Amino acid sequence: DRRLAARLRYARVPYRRRIEDFDFEFQPSVDRKLVEDLATLRFIEENRPILFLGQPGCGKTHLAVALATVAVDTATVAPFAFVSASRLPDVKRS
């Protein structure tokens, strides 16, 4: 859909990912029920930040981008940022 693509560009989402495309069988340590709960975006309504931690290649960015895509698709207004672990000390200070 062109509208969603435009909104994703405006929100500066780096690329498009969907939760449905995440391979939970390849990453069994990722809790599917928790991810599905996050996809309701209730954490935004409750003003709770989320942070994905894990080894490289475990799907952190995929899930973060997928949640941002859900938020943009539902026209949810919320601040979000993609931050690498090496920058967390800087983010905490600001």
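Residues numbered from 1 in each chain as written. Predicted model: local features only at pLDDT ≥ 70, side-chain atom pairs only at ≥ 80, totals over all residues. Heavy atoms only, no water.

*Asks:* I would appreciate a short explanation of the overall build of the protein in the present structure.
*Replies:* Helix and strand counts for the protein come out as five helices and zero strands. Walking the protein from its N terminus toward its C terminus, one meets helices and strands in the order α-α-α-α-α. When each of the 94 residues of the protein is scored for burial, the buried share is 26%. Across the protein, contacts joining residues at least 24 apart in sequence account for 67% of those joining residues at least 6 apart. (Helix = DSSP H or I, 4+ residues; strand = E, 2+ residues; numbered from the N terminus. Buried < 20%, exposed > 50% of the residue type's maximum accessible area, 1.4 Å probe, protein only. Contact = heavy atoms within 4.5 Å.)

*Asks:* What exactly am I supposed to notice about helix α1 (residues 2-10) here?
*Replies:* An α-helical turn contains 3.6 residues, so a residue and the one three or four places further along point in the same direction. The backbone nitrogen of Arg3 has a side-chain oxygen 2.6 Å away, supplied by the residue at the start of α1, namely Asp1. Positive phi appears at Arg12, one or two residues downstream of α1, with a value of about 60 degrees. (Polar contact = N/O pair within 3.5 Å; in protein donor to acceptor, adjacent residues only side chain to side chain.)

*Asks:* What is the right way to look at the environment of Ala71 in this model?
*Replies:* Tracing the chain through its elements places Ala71 in helix α4 (residues 60-73). Beyond its immediate chain neighbours, meaning those up to four positions away, Ala71 contacts Leu41, Ile44 and Thr76.

*Asks:* Is there a simple way to explain the environment of Ser29 in this structure?
*Replies:* Within the secondary structure, Ser29 sits in the loop between α1 and α2 (32-38). When the C-alpha atoms of Ser29 and Gly54 are compared, they prove to be 10.0 Å apart, with 25 residues separating the residues in sequence.

*Asks:* Would you mind showing me how to read the packing of aromatic side chains here?
*Replies:* For any two aromatic rings, the description comes down to two numbers: the centre-to-centre distance and the angle of the planes. For the structure shown, the criterion picks out one aromatic pair. Note on Phe22 and Phe24: the rings are 4.9 Å apart at their centroids and 70 degrees apart in plane angle, and the pair reads as edge-to-face. Each member of the pair Phe22 and Phe24 is classed as buried. (Phe/Tyr/Trp six-rings, centres within 6.5 Å; stacked < 30°, edge-to-face > 60°.)

*Asks:* Is there a simple way to think about the confidence of the model for the protein in this case?
*Replies:* When pLDDT is low, close inspection of the predicted coordinates is not appropriate. For the protein, the average pLDDT comes to 83, and 82% of its residues sit at 70 or higher. When the elements of the protein are averaged for pLDDT, helix α5 (residues 88-93) gives the smallest value, 59, and α2 the largest, 96. (pLDDT = per-residue confidence, 0-100.)

*Asks:* Is there a simple way to think about the pattern of salt bridges in this case?
*Replies:* Side-chain pairing between opposite charges can occur once the charged atoms of the two side chains come close. In the structure shown here, the tally under the stated rule is six salt bridges. Across the pair Asp21 and Arg18 runs a salt bridge whose closest N-O atoms are separated by 3.1 Å. A relative accessible area of 43% places Arg18 in the partly exposed class. The partner of Glu46 in a salt bridge is Arg42, and the shortest N-O contact between them spans 3.5 Å. (Salt bridge = Lys/Arg side-chain N within 4 Å of Asp/Glu carboxyl O.)

*Asks:* In this structure, what is going on with α4? I would like to understand it.
*Replies:* Relative to the 20 Å expected for 14 residues at 1.5 Å per residue, α4 spans 20 Å between its end C-alpha atoms, a close match to the ideal helical length. Of all the 14 residues making up α4, 10 are buried; the element is thus mostly covered by neighbouring parts of the structure. Of the residues making up α4, those classed as buried are His62, Leu63, Ala64, Val65, Ala66, Leu67, Ala68, Thr69, Ala71 and Val72. Residues of α4 that are buried sit in contact with α1, α2 and α3 (42-45). Residue Ala75 follows α4 closely and has a positive phi angle near 60 degrees. (Expected span 1.5 Å × (residues − 1).)

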